Amino acid sequence: MKKPICNNCYHYTAYYNQRSFDYVRMKHGACSKHKVPKRDSETCEHFKCNQQKMQIREEARLRHLDDALVSINDIAKILREQYANLQED
């Protein structure tokens, strides 16, 4: 079980600060239950473990990786066919 702090809560959404080429996660965000800004280290009575949210994200990552692998294999097949055609000519 994760610590019952906002950073590990299902209702917590972190804020990000945009830099020139990327985003940096800030130490505060918003609680959808309280509808107020919260620090990531705070606690509250509405804590709900974010395990389900993390599992959904992990499944999405794996699905996208599978799609990328299929695309890479398709490209490799095309390149092999083109190389084989060049060898025949």
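Parameters and conventions
Residues numbered from 1 in each chain as written. Predicted model: local features only at pLDDT ≥ 70, side-chain atom pairs only at ≥ 80, totals over all residues. Heavy atoms only, no water. Helix = DSSP H or I, 4+ residues; strand = E, 2+ residues; numbered from the N terminus. Rg over C-alpha atoms; globule rule 2.2 N^0.38 Å. Areas by Shrake-Rupley, 256 points an atom, 1.4 Å probe, with all protein chains shown as cover. Lys, Arg positive; Asp, Glu negative; His and termini not counted. Charge placed at Lys NZ, Arg CZ, Asp CG, Glu CD. Pairing = 2+ DSSP bridges. Buried < 20%, exposed > 50% of the residue type's maximum accessible area, 1.4 Å probe, protein only. Contact = heavy atoms within 4.5 Å. Salt bridge = Lys/Arg side-chain N within 4 Å of Asp/Glu carboxyl O.

Q: For this particular structure, what's the right way to read the overall build of the protein?
A: Scanning the protein from N- to C-terminus turns up 1 helix and 3 strands. In the protein, the succession of α and β elements from N to C terminus is β-β-β-α. At 22 Å, the protein has a C-alpha radius of gyration far larger than the 12 Å of a compact globule built from 89 residues. C-alpha extents for the protein along the principal axes are approximately 70 × 35 × 20 Å. Accessible surface, the protein: about 7,500 Å² in total, of which carbon and sulfur atoms supply 55%. The centroid of the 16 positive side-chain charges in the protein is displaced by 15 Å from the centroid of its 12 negative side-chain charges.

Q: Got a minute to help me understand the pairing of strand β1 (residues 12–18) in this structure?
A: Regular strands place side chains that alternate from one sheet face to the opposite one. Relative to strand β2 (residues 23–31), β1 runs antiparallel, the two being bridged by 6 bridges. Within β2, the residue paired with Y16 across the bridge is R25. Hairpin geometry of β1 and β2 is characterised by an intervening segment of 4 residues between the two adjacent antiparallel strands.

Q: I would appreciate a short explanation of the side chain of H11 in the present structure.
A: One can find H11 in the segment before β1. According to the relative accessible area criterion, H11 is buried, its value standing at 12%. Excluding residues that lie within four positions of it along the chain, H11 makes contacts with A30, C31, S32, K33, H46 and K48.

Q: What is the right way to look at the pairing of strand β3 (residues 36–39) in this model?
A: Direction of pairing for β2 relative to β3: antiparallel, over a ladder of 4 bridges. Paired with A30 across the bridge in β3 is P37. As consecutive antiparallel partners, β2 and β3 are separated by 4 residues, and within that stretch K35 has a phi angle of approximately 60 degrees, a positive value.

Q: Can you walk me through the pattern of salt bridges in this structure?
A: Side chains that differ in charge, positive against negative, can pair when their charged atoms come close. Following the criterion strictly, the structure yields 3 salt bridges and no others. The salt bridge partner of R19 is D22, with a shortest N-O separation of 2.9 Å. Overall, R19 belongs to the partly exposed group, its relative accessible area being 48%. The closest approach of N and O atoms between E58 and R61, which form a salt bridge, is 3.1 Å. With E58 and R61 both in helix α1 (residues 51–88), this residue pair falls 3 residues apart, about one helical turn. Using a relative accessible area of 44% as the deciding quantity, one classes R61 as partly exposed.

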